[in-house]
Amino acid sequence: MSDAELRNFFQRYIDALNSHEFQRMTEFIHDNPVMNGHPVTRDDVIAALEGHTDAVPDFTWRVEDLAIGGDRVAARLFNKGTPAKEWLGVPPTGATVEFAEYAFHRVREGASTR
């Protein structure tokens with residue numbers, strides 16, 4: 001994929017995340033992804049995403065920086081939402097939380113191996 005195609009691919013992935021259309025992850029996540037250095041299944045990734053939005057229904061991802069090199073995409077994102085139930089040790093106080101995320105993806109066969 002060209003840099004422009006990878007940029008478009010990643011934006012479509014973020015758009016699907018922000019729409020909470022996790023059933024679309026088959027378009028973006030490879031059959032054999034690696035998450036935090038460990039092999040997982042696509043279903044594991046989807047379950048983690050669903051867990052986030054179950055606890056934080058307004059959870060969003062915002063891309064701040066994107067770097068593309070070859071088949072790799074590196075992103076600095078800001079995640080934001082208001083926990084409706086305890087999530088990652090954060091109680092549901094009604095306060096919105098925002099934090100940075102750094103994500104590194106390798107795109108192979110048209111899907112991210114993460």
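Everything in this summary refers to the structure shown in the same document. (Residues numbered from 1 in each chain as written. Predicted model: local features only at pLDDT ≥ 70, side-chain atom pairs only at ≥ 80, totals over all residues. Heavy atoms only, no water.)

## Quick word on the overall build of the protein
Note the cut-off: Under the scheme used here, helices are H or I runs from DSSP no shorter than 4 residues and strands are E runs no shorter than 2 residues, and both carry numbers assigned from the N terminus. The globule rule used for comparison is 2.2 Å times the number of residues to the exponent 0.38, while the radius of gyration itself is calculated over C-alpha atoms. Accessible area is worked out with a 1.4 Å probe on protein chains only. A residue is then buried under 20% of its type maximum, exposed over 50%, and partly exposed in between. The contact rule is simple, with two residues in contact once any of their heavy atoms fall within 4.5 Å. For the accessible areas, the method is Shrake-Rupley and the probe is 1.4 Å, while residue cover comes only from the protein chains on display. In this tally, Lys and Arg are treated as positive and Asp and Glu as negative; His is ignored, and so are the chain termini. Where a charge lies is defined by one atom per residue type: Lys uses NZ, Arg uses CZ, Asp uses CG and Glu uses CD.
If you tally the helices and strands in the protein, you get 2 helices and 6 strands. Overall, the protein shows an N-to-C arrangement of helices and strands of α-β-β-α-β-β-β-β. The C-alpha atoms of the protein give a radius of gyration of 14 Å, which matches the 13 Å a tight globule of 114 residues would have. Each principal axis of the C-alpha atoms in the protein carries an extent, and together these give about 45 × 25 × 25 Å. When each of the 114 residues of the protein is scored for burial, the buried share is 33%. When contacts within the protein are restricted to residue pairs at least 6 apart in sequence, those whose partners lie at least 24 apart make up 50%. Surface summary for the protein: the accessible area is close to 6400 Å², and the carbon and sulfur share equals 49%. On the protein, the mean spot of the 12 positive side-chain charges and the mean spot of the 18 negative ones are 3 Å from each other.

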